[in-house]
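# Geometric and topological summary
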Amino acid sequence: MNGEMPFGLNPKVWWVGIGINDLSIKGCSEEVVLLGILRVVEEIQNGNPDAIVVINSILPVRRNEEGLLEHTGKNHEHEALKKKEKNMMDNEMDKKRSHEDLWPSIVSINEELSKFSSKHHGVKFFNADSVFVEEDEHAKRLNLNLMHDAVHPNVAGHKKWNNAIKKRLHEILKDGN
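First, a word on scope: everything that follows refers to the structure included in this document. Keep in mind it's a predicted model, so treat the numbers as computed, not measured. Every chain begins its residue count from 1, and numbering advances along the sequence as written. This being a predicted model, a pLDDT of at least 70 is required before a residue's local features are given, and a value of 80 or more before pairs of side-chain atoms are given or counted; all residues contribute to the totals for chains, interfaces and linings. Hydrogens and water are ignored here; the side-chain numbers use all heavy atoms of the structure.

## Looking at the overall build of the protein chain
- In this description a helix means any DSSP run of H or I spanning at least four residues, a strand means any run of E spanning at least two, and both kinds are numbered starting from the N terminus. Of regular secondary structure, the protein chain possesses 6 helices and 6 strands.
- Scanning the protein chain from its N terminus toward the C terminus, one meets helices and strands in the order β-α-α-β-β-α-α-β-α-β-β-α.
- Here, two residues are considered to be in contact whenever any of their heavy atoms come within 4.5 Å of each other. Long-range contacts, defined as pairs at least 24 residues apart, comprise 75% of the intrachain contacts of the protein chain with a sequence gap of at least 6.
- Taken as a whole, the protein chain presents about 10800 Å² of accessible surface, with 50% of it coming from carbon and sulfur. Note on areas: Shrake-Rupley with a 1.4 Å probe; residue coverage comes only from the protein chains shown.

## Re the packing of aromatic side chains
- Ring geometry is summarised as follows: Phe, Tyr and Trp rings, the Trp one being its six-membered ring, pair when their centres sit within 6.5 Å, and such pairs are stacked at plane angles under 30 degrees, edge-to-face over 60 and tilted between the two. Evaluated as defined, the whole model comprises 2 aromatic pairs.
- A ring pair is formed by F132 and W161, whose centres lie 5.8 Å apart and whose planes are at 75°; its orientation type is edge-to-face. With F132 in helix α5 (residues 129–132) and W161 in helix α6 (residues 155–175), this residue pair connects regions lying 29 residues apart in the sequence. Neither F132 nor W161 differs from the other in exposure class; each is buried. Any residue under 20% of the maximum accessible area for its type is buried, any over 50% is exposed, and the rest in between are partly exposed; the area is computed with a 1.4 Å probe on protein chains only.

## A short note on the environment of R62
- Here R62 is to be found in the loop between β2 (52–56) and β3 (68–71).
- Taking C-alpha positions, R62 is 6.5 Å from L142, a pair spaced 80 residues apart along the chain.

## Examining the sheet that holds β2
- Strand pairing is defined by DSSP finding a minimum of two bridges between the two strands. Pairing in this open sheet of 3 strands is parallel, and the strands run β1-β2-β4 from one edge to the other. The sheet terminates laterally at β1 (13–16) and β4 (123–126), the two strands that pair on one side only. Across the sheet, the axes of successive neighbouring strands diverge by a mean angle of 25°, strand direction being ignored.
- Bridging between β2 and β4 involves 4 bridges; their strand directions are parallel. By the bridge assignment for β4, I55 is matched with F125.
- Its contacts with the sheet put helix α2 (residues 30–47) on β1, β2 and β4, and the angle it makes with β2 is roughly 160°.
- The strands touched by helix α4 (residues 103–119) within the sheet are β2 and β4, with β4 carrying the most contacts at an inclination of about 145°. Interaxial angles span 0 to 180 degrees and are taken between N-to-C directions of axes, which are lines fitted to C-alpha atoms, for helices over the stretch in contact.

## Focus on the layout of surface pockets
- The definitions used throughout rest on a 1 Å grid laid over the protein atoms alone, on which a cavity is an enclosed set of points accommodating a 1.4 Å probe that cannot get out and a pocket is an open set flanked by protein within 12 Å on both sides along at least five of seven lines; lining residues are those having an atom within 4 Å of a point. Grid points are joined across faces, edges and corners, and a volume is the space filled by probe spheres set on the points. By volume, the largest pocket is sized at about 230 Å³.
- Lining the largest pocket are 14 residues, with G17, I20, L59, V151 and W161 positioned closest to its centre.
- Mapped onto the lining of the largest pocket, the elements with two or more residues apiece are α1 (20–24) and α6.

## Some remarks on the environment of I44
- Inspection of the secondary structure puts I44 in helix α2.
- Once the C-alpha coordinates of I44 and M5 are considered, the two residues, 39 residues apart in sequence, prove to be 8.3 Å apart.

## Quick look at the nonpolar core
- I20, I55, I106, L113, F132 and W161 are the most contacted members of the largest nonpolar core, which totals 43 residues.
- Every element with two or more residues in this core is listed here: β1, α1, α2, β2, α4, β4, α5 and α6. Take the buried Ala, Val, Leu, Ile, Met, Phe, Trp, Tyr and Cys residues and link them wherever side-chain atoms come within 4.5 Å; each set so joined is a nonpolar core.

Okay, structure coming up:
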């Protein structure tokens, strides 16, 4: 973190919410985004070995006007993942990726962050999909009532997210782990 951590800052819990700009704006690969997040976690742990680090999932990004993230119905293939795989095979991936093809990468990175957190003492994972994603038998959708734009939560989204964070933080501090 290049000395960016203020001297004397010693919270019991660090909440890390990063990655979407590297994935979308900078066009970094899933692997680079994952390694960047884990490097920040490592720096925090090195400077604060007794603290708990919570990695917030990368938030979902609106792909279309309906908020559709993926089809989940029986025998229904995930079109965005197929498109991403085809583009990678055809070597047509843009350096800066459109929002419509980010969901599979977000899911993949979040799964890896969750696995990492489950295997490392002092690291927790908070999946914000429970706040922003609605699911039925046919699809997962971004709750557009909680979003200001394709990437950023609105006031209602921030309030709901904040309440979920406070609840999880309370559990962490109560349990001491």
